[in-house]
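In case you want the letters, here they are:
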Amino acid sequence: MKKQLTIEFEEFEALNELCEKDYELVMEARQALQSSYSPYSKFRVGSAVRFQDGEIVKGSNQENVAYPSGMCAERVALFAAGNDAKQRKIAAIAIAAMKDGCFVAAKPCGACLQTMLETEKRAKASLTILIALGEDKFAKVEGVKNLMPFAFTDF
Ligand code: THU
């Protein structure tokens, strides 16, 4: 039997179309680009994670001369937030990327999506994911299932 899945997201043609909270999170992700350590790929990635109480934690990609030892921006931010002493729940994540000084599309890799799935499990709630589709185009995705429907589970 052939089956089809549909994914759902909201598209925004410009940054100023986002609501205030989402705009702020994307701006924080863009700010995180400054701390990117990416001498090998020269591809900067920044991420900002928002707890349910509104506080924001940032992360950026951290590379290593032994390439696989590096870490994506999303997971740097998610693990920093996961390490929160108060164990607050995470509500949203935004991703930004920059190449040759210009904002470019920023979409999470599979390993980061799998980590986001764990974030949802911990929060017992879906995660809002703000992705850059281009220099000034954004997608708001509600729930990791829309980006990785066949994620690994142990049940
Ligand atoms: N990268 C991220 O930070 N997030 C992703 O979701 C995928 C890729 C980083 C890893 C590496 O430092 C650079 O982008 C180029 O692959």
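In the block above lies the structure referred to throughout.
Now for a look at the structure at hand. Predicted, not measured: the structure shown is a model, and the values here were computed from it.

Scoring rules and cut-offs
Once a new chain begins, its residue numbering starts again from 1 and follows that chain's sequence as written. The predicted nature of this model means local features are confined to residues of pLDDT at least 70 and side-chain atom pairs, given and counted, to a pLDDT of 80 or more, with totals for whole chains, interfaces and linings taken over all residues. Hydrogens and water are ignored here; the side-chain numbers use all heavy atoms of the structure. Being near a molecule or strand, for a residue, means having at least one of its heavy atoms within 4 Å of it. What qualifies as a polar contact is a pair of N or O atoms within 3.5 Å, subject to a donor-acceptor requirement within protein and to the restriction that residues adjacent in sequence count only when both atoms come from side chains. Computed with a 1.4 Å probe, the accessible areas rest on the Shrake-Rupley method; for each residue, only the protein chains presented here act as cover. Going along the chain from the N terminus, every DSSP run of H or I of four or more residues is numbered as a helix, and every run of E of two or more is numbered as a strand. Polarity classes work like this: nonpolar for Ala, Val, Leu, Ile, Met, Phe, Trp, Tyr, Cys and Pro, charged for Asp, Glu, Lys and Arg, and polar for all others, with Gly in that last group. The patches described consist of residues with a relative accessible area above 30% and no salt bridge, like charges being joined within 9 Å and nonpolar side chains (Val, Leu, Ile, Met, Phe, Trp, Tyr) within 5 Å. Criterion for a salt bridge: a side-chain nitrogen of Lys or Arg within 4 Å of a carboxyl oxygen of Asp or Glu. Positive charges are assigned to Lys and Arg, negative charges to Asp and Glu, while His and the chain termini are left out of the count. Note that the charge is assigned to NZ on lysines, CZ on arginines, CG on aspartates and CD on glutamates. Only protein chains enter the area calculation, which uses a 1.4 Å probe; residues under 20% of their type maximum are buried, those over 50% are exposed, and those in between are partly exposed. Here the axes come from fitting lines to C-alpha atoms, over the contacting stretch only for helices, and the angles between their N-to-C directions go from 0 to 180 degrees. In this scheme, roughly parallel covers angles under 35 degrees and roughly antiparallel covers those over 145, while 65 to 115 is roughly perpendicular and the rest are oblique. Take the far helix as your reference; a near helix turned counterclockwise from it by less than a right angle gives a left-handed crossing, and one turned clockwise gives a right-handed crossing. Contact criterion: two residues are considered in contact whenever any of their non-hydrogen atoms come within 4.5 Å of each other. In this analysis, the protein atoms alone were mapped onto a 1 Å grid. Cavities are point sets where a 1.4 Å probe fits without being able to get out; pockets are open sets with protein on both sides within 12 Å along at least five of seven lines; lining residues have an atom within 4 Å of a point. Grid points are joined across faces, edges and corners, and a volume is the space filled by probe spheres set on the points. Take the buried residues of types Ala, Val, Leu, Ile, Met, Phe, Trp, Tyr and Cys, join any two whose side-chain atoms come within 4.5 Å, and each joined set is a nonpolar core.

### Structural notes on the site of the ligand
Part 1 of the argument: For the ligand, the full set of nearby residues is Ser41, Phe43, Val45, Asn61, Glu63, Cys72, Ala73, Glu74, Lys107, Pro108 and Cys109.
Part 2 of the argument: Within the side chain of Asn61, one N or O atom sits 2.9 Å away from an oxygen atom of the ligand.
Part 3 of the argument: For the ligand, an oxygen atom lies 2.9 Å from a polar atom in the backbone of Ala73.
Part 4 of the argument: Its free accessible area being 380 Å², the ligand has 73% of it covered by the protein chains.
Part 5 of the argument: Among the secondary structure elements, those contributing two or more residues to the shell around the ligand are β2 (43-51) and α2 (73-82).
Part 6 of the argument: Tallied by class, residues from the shell around the ligand come to six nonpolar, two polar and three charged.

### Describing a negative patch on the surface
Part 1 of the argument: A surface patch of negative charge is lined by Glu13, Glu17, Glu135 and Asp136.
Part 2 of the argument: Locating Glu17 in the fold gives a position in the loop between β1 (10-12) and α1 (20-32).
Part 3 of the argument: The exposure class of Glu17 is partly exposed, given its relative accessible area of 41%.

### Topic: unusual backbone geometry
Part 1 of the argument: With a phi close to 50°, Gln87 is a non-glycine residue in the positive phi region.
Part 2 of the argument: Classification of Gln87 as partly exposed rests on a relative accessible area of 48%.
Part 3 of the argument: Even without being a glycine, Asp100 presents a positive backbone phi close to 50°.
Part 4 of the argument: Here Asp100 shows up in the loop between β4 (90-99) and β5 (102-104).

### Description of the packing of α2 against helix α3 (residues 110-123)
Part 1 of the argument: The N-to-C vectors of α2 and α3 enclose an angle of 25°; their axes lie 10 Å apart at closest approach. In terms of orientation, α2 lies roughly parallel with respect to α3. In this structure, the crossing between α2 and α3 has a hand that is left-handed. Taking contact as the criterion, the partners of Glu74, Arg75, Leu78, Phe79 and Gly82 in α2 are, on α3, Ala111, Cys112, Thr115, Met116, Thr119 and Arg122.
Part 2 of the argument: Residues of the contact of α2 with α3, tallied by class, amount to five nonpolar, three polar and three charged.

### So, the layout of surface pockets
Part 1 of the argument: In this structure, the largest pocket occupies an estimated 240 Å³ of space.
Part 2 of the argument: Lining the largest pocket are 14 residues; nearest its centre among them are Leu78, Gly82, Ile90, Thr119 and Arg122.
Part 3 of the argument: Going through the elements one at a time, α2 and α3 are the ones with two or more residues in the lining of the largest pocket.
Part 4 of the argument: The greatest single-element share of the lining of the largest pocket, amounting to five residues, is contributed by α3.
Part 5 of the argument: Considered class by class, the residues forming the lining of the largest pocket number six nonpolar, four polar and four charged.

### Here's the deal with the nonpolar core
Part 1 of the argument: Met116 and Ile129 are the most contacted members of the largest nonpolar core, which totals 39 residues.
Part 2 of the argument: Breaking this core down by element, the ones donating at least two residues are α1, β2, α2, β4, α3, β6 (128-134) and β7 (137-142).
Part 3 of the argument: A per-element tally of this core places β4 first, with eight residues.

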